[in-house]
Amino acid sequence: MRFRLAVAVTAIAAMTVSGCAGWGGGPGGGGPNTINVLMVNNPQMIDLQRLTGDNFTKATGIHVNFTVLPENDVRDKISQEFSSQAGQYDVASLSNFEIPIYAKSKWIAPLDDYIAADTQFDQADILPPMTQSLTADDGKVYGEPFYGESSFLMYRKDVLQQAGVTMPENPTWQQVAGIAAQVDNKQPGMRGICLRGQPGWGQVFAPLTTVVNTFGGTWFEKDWTPKVDAPEFTAATDFYVNLVRAHGENGAPQAGFTECLNNLVQGNVAMWYDATSAAGSLEADSSPVKGKIGYVAAPVEKTKSSGWLYAWSWSIQQASDSKDNAWKFISWASSRQYEELVGQQVGWSSVPAGKRASTYRNQQYLQVAAAFAEPTEKAISSADPRNPGVQPRPAIGIQFVDIPEFTDLGTQVSQYVSSAIAGQMSVGEALERGQRLAEDVAERYQSRQEG
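Note that the coordinates shown come from a computational prediction; the quantities given were computed from them, not determined experimentally.

**Student:** Help me understand the pattern of salt bridges in this model?
**Tutor:** Charged atoms that come close allow side chains of opposite charge to pair. Applying the stated criterion across every chain yields a total of 18 salt bridges. The salt bridge involving Arg-386 is made with Asp-137; its shortest N-O contact spans 3.6 Å. Of this pair, Arg-386 sits in the loop between helix H16 (373-382) and helix H17 (406-421) while Asp-137 sits in the loop between helix H6 (128-133) and strand S4 (144-149), placing them 249 residues apart in sequence. One network of salt bridges, with partners in common, ties together Asp-122, Asp-125, Arg-336 and Arg-356.

See the structure below:
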């Protein structure tokens, strides 16, 4: 589900085929002071892989064998490995979608005892919504974030100024729709807003579910009553579809995170609602829109906030025989000290941010992230993964429902919504089909409650 940065991955892929300098390349031997880590090949993870040998291993004597794979591949491999409890890998990169599910299945180990003993780690410095999203129903913490994100609205300050439009600090979706109409096509080839329309539970439904939440809708009520075709869910989807059809980007039914990022960078859209992680690319030295973008809170309707919450995080396989050393790696990789190491050796713009309050007090980081640091911290801090809407929920999650079935349910319904954006079916028809699918899922959970 990761909301990917638009970065060149050719060089990264070459690095992931084999390991680096004797401490990568997949699980292997090495004695009791060796751990095996399975992780996604995102840029910040590749930095970690490069820095581990000369820093973590040198300081602790613990060697790390990395297996680094693209997102879809690593998810499949982690699922196979952890469900079988083969014990081949000690640590894996999991998101806050998988961690509560894996914890319930007892595939990963609770970290509370390690956290209590390791006072230097400073769990209190982890932004509370992150800790909450990595805490299972039993109240125990099962993951530590490596980096995290929420969502906010990005807009071209110069374009709105030329149009005589002022962006509120906390806009409503109705205000955003009005602004999109005002700036649409005011500059040649520039549409009012970019919103994802690409099918996928982590594509169109990442932003759209936050709209549903703030419009008063939900996928399921507390007792698992499905509400996909309810008036609130319908109103939110109608609003989203109509907005992107009237004032959105060209090719919206195929547009995901990367396409919208490129559209904003290339001057094809004036606004974009999406992941806070996008700001690093928008403010990069090579970006033609650096310094031209404003950042405000995720738009709302009936709720005080509506930003999503996502984090690539570390967990320990329950079957691991090296849990103590695995924790030492996690403690280092998610530490304040590691962020400082990245800032000094890689660059402050590459710091895996979005997880610690101290990051947003670090003056060296703020020098490169001044444009978006404060709104990013506010977006993450205001996210409430257990209470994202106006009614109680049966499962944790803001832009998703944290159950295994949601990946299939969300993806199938997203295909109908994408078809509605393309004008191939009505929103009503799309959600009517979605309701039937949600009823099938709900029936399983309701029968378990009754049993």
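**Student:** Looking at this structure, I do not really get the pairing of strand S8 (residues 310-316). What am I missing?
**Tutor:** Along a regular strand, successive side chains alternate from one face of the sheet to the other. Taking burial as the measure, the seven residues of S8 include seven buried ones, the bulk of the element. With burial as the criterion, each face of S8 is covered, one bearing Tyr-310, Trp-312, Trp-314 and Ile-316 and the other bearing Ala-311, Ser-313 and Ser-315. Strand direction decides the pairing type here: strand S3 (residues 91-95) and S8, joined by five bridges, are antiparallel. Each bridged residue has a counterpart across the sheet, and for Leu-94 the counterpart in S8 is Ser-313. By the bridge criterion, five bridges tie S4 to S8 in an arrangement that is antiparallel. Bridging across to S8, Tyr-147 finds its partner in Trp-312.

**Student:** Can you walk me through the state of the cysteines in this structure?
**Tutor:** Evaluation of the coordinates by the stated rule reveals one disulfide. What pairs with Cys-194 in a disulfide is Cys-260, and their sulfur atoms sit 2.3 Å apart. Note on the Cys-194 and Cys-260 pair: the S-S dihedral is about -80°, so by sign convention the disulfide is left-handed. Note that Cys-194 is positioned in the loop between helix H8 (173-183) and helix H9 (205-214) and Cys-260 in helix H11 (residues 257-265), a separation of 66 residues in sequence.

**Student:** Can you help me understand unusual backbone geometry in this one?
**Tutor:** Glycine aside, residues mostly have negative phi angles, and peptide bonds mostly take the trans form. The residue Gln-85 is not glycine, and still its phi comes out positive at about 50°. Position of Gln-85 among the secondary structure elements: in the loop between helix H3 (71-84) and S3. Looking at Gln-85, the relative accessible area reads 25%, which means it is partly exposed. In this model, Asn-185 sits at a positive phi of 65°, which is unusual for a non-glycine residue. In this structure, Asn-185 sits in the loop between H8 and H9.

Conventions adopted
- Residues numbered from 1 in each chain as written.
- Predicted model: local features only at pLDDT ≥ 70, side-chain atom pairs only at ≥ 80, totals over all residues.
- Heavy atoms only, no water.
- Salt bridge = Lys/Arg side-chain N within 4 Å of Asp/Glu carboxyl O.
- Helix = DSSP H or I, 4+ residues; strand = E, 2+ residues; numbered from the N terminus.
- Buried < 20%, exposed > 50% of the residue type's maximum accessible area, 1.4 Å probe, protein only.
- Pairing = 2+ DSSP bridges.
- Disulfide = S-S within 2.5 Å.

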